[in-house]
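Residue-level structural notes
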Amino acid sequence: NGTEEKIEILFDTNLKNSERPSEISFKDVDENMRENYLISEKYLEQTVELVELTKKITENGKNQIEKIELIFNYIIANFKYCYPVEKRGVENLDLYDLVGDCGEYSALFVTMCRVVGVPARCVTGFVEFDGKFHEHAWAQVYSSAGWLNVDPQYASLEENIKTGKEKYLFTFPEFR
């Protein structure tokens, strides 16, 4: 009809581009965040088997950051990408033969973080590559620095875990 409208889009993030916060603490996290982002819920089911596996994986972690890194390392080393997924939800994953898409990578990461007391959530959005936008899912953990991005699926594409951690643990890559 010839009228022009202006749309303003605001992004809620504490980090710009690929910045990493200088200090991260998971102590003194708001109780409301703990109540809402530590629970077992549909697609993020804290099954007995998953709780046992998470405790085994994280038993040598001295603090929350080390536990997050141990979970991150486990997932990127043991998950195989597959799309489409037959059934969604952590309860449908074979924890000893992990197969799924970005949504399953992030759901497992979030659920395991919740088991060890780190508030976490799944996030969906778009990534750009080859000049096109594609749907993607990743995770966020809540800390004293706010919501921090974690992308175990993209990290698994890197040639080693160290590079994956540098690029996709607590950062916000520019292509999102």
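Preceding block: the structure.
I will try to describe carefully the structure that is included in this document. Just so it is clear, the structure is predicted and the values come from calculations on it, not from any experiment.

Each value, and the rule that gives it
Residues numbered from 1 in each chain as written. Predicted model: local features only at pLDDT ≥ 70, side-chain atom pairs only at ≥ 80, totals over all residues. Heavy atoms only, no water. Phe/Tyr/Trp six-rings, centres within 6.5 Å; stacked < 30°, edge-to-face > 60°. Helix = DSSP H or I, 4+ residues; strand = E, 2+ residues; numbered from the N terminus. Buried < 20%, exposed > 50% of the residue type's maximum accessible area, 1.4 Å probe, protein only. Salt bridge = Lys/Arg side-chain N within 4 Å of Asp/Glu carboxyl O. Pairing = 2+ DSSP bridges. Axes fitted to C-alpha atoms, helices over the stretch in contact; angles between N-to-C directions. Polar contact = N/O pair within 3.5 Å; in protein donor to acceptor, adjacent residues only side chain to side chain. Contact = heavy atoms within 4.5 Å. Parallel < 35°, antiparallel > 145°, perpendicular 65-115°, else oblique. Left-handed = near helix turned anticlockwise from the far one by under 90°.

Quick word on the packing of aromatic side chains
If you walk through the whole model with that rule in mind, you get five aromatic pairs. A centroid spacing of 5.0 Å and a plane angle of 80 degrees characterise the contact between Tyr-37 and Trp-147, whose relative ring orientation is edge-to-face. Here Trp-147 lies in strand S5 (residues 146-150) and Tyr-37 lies in helix H1 (residues 31-37), a separation of 110 residues in the sequence. Judged by its relative accessible area of 22%, Tyr-37 is partly exposed.

Examining the pattern of salt bridges
A complete count under the given rule lists seven salt bridges for this structure. A salt bridge links Asp-97 to Lys-80; the shortest N-O distance between them is 3.4 Å. Of the two residues, Asp-97 sits in the loop between strand S1 (79-81) and strand S2 (98-100) while Lys-80 sits in strand S1, which places them 17 residues apart along the sequence. Across the pair Glu-104 and Arg-88 runs a salt bridge whose closest N-O atoms are separated by 2.8 Å. Linking Glu-104 in helix H4 (residues 102-115) with Arg-88 in the loop between S1 and S2, this pair joins segments that are 16 residues apart in sequence. We classify Glu-104 as buried; its relative accessible area is 3%. Accessibility expressed as a relative area gives 36% for Arg-88, which makes it partly exposed.

A few points about the sheet that holds strand S3 (residues 120-129)
Taken in spatial order, the three strands make up an open sheet running S3-S4-S5, and their pairing is antiparallel. Edge positions in the sheet fall to S3 and S5, since each has one partner strand and no second. The sheet shows a mean angle of 40 degrees between the axes of neighbouring strands, direction not considered. As paired elements, S3 and strand S4 (residues 132-143) share 10 bridges and run antiparallel to each other. Among the inter-strand pairings, Gly-125 is bridged to a residue of S4, identified as His-136.

Considerations on the side chain of Thr-111
Relative to the elements of secondary structure, Thr-111 occurs in helix H4. Within the local environment of Thr-111, its side chain forms a polar contact with the backbone oxygen of Ala-107, the two atoms lying 2.8 Å apart. With near-sequence residues (within four places) excluded, Thr-111 lies in contact with Leu-44, Glu-45, Gln-46, Leu-50 and Val-90.

Side note on the packing of helix H3 (residues 64-78) against helix H6 (residues 161-168)
At a minimum axis separation of 11 Å, H3 and H6 run at an interaxial angle of 120 degrees. Our classification of the angle between H3 and H6 gives oblique. Of the two possible hands of crossing, H3 and H6 adopt the one that is right-handed. Of the residues in H6, those touching H3 at Glu-69, Phe-72, Asn-73, Ile-76 and Ala-77 are Ile-161, Gly-164, Lys-165 and Tyr-168.

Honestly, that's just the spatial picture; any functional story needs more than this.
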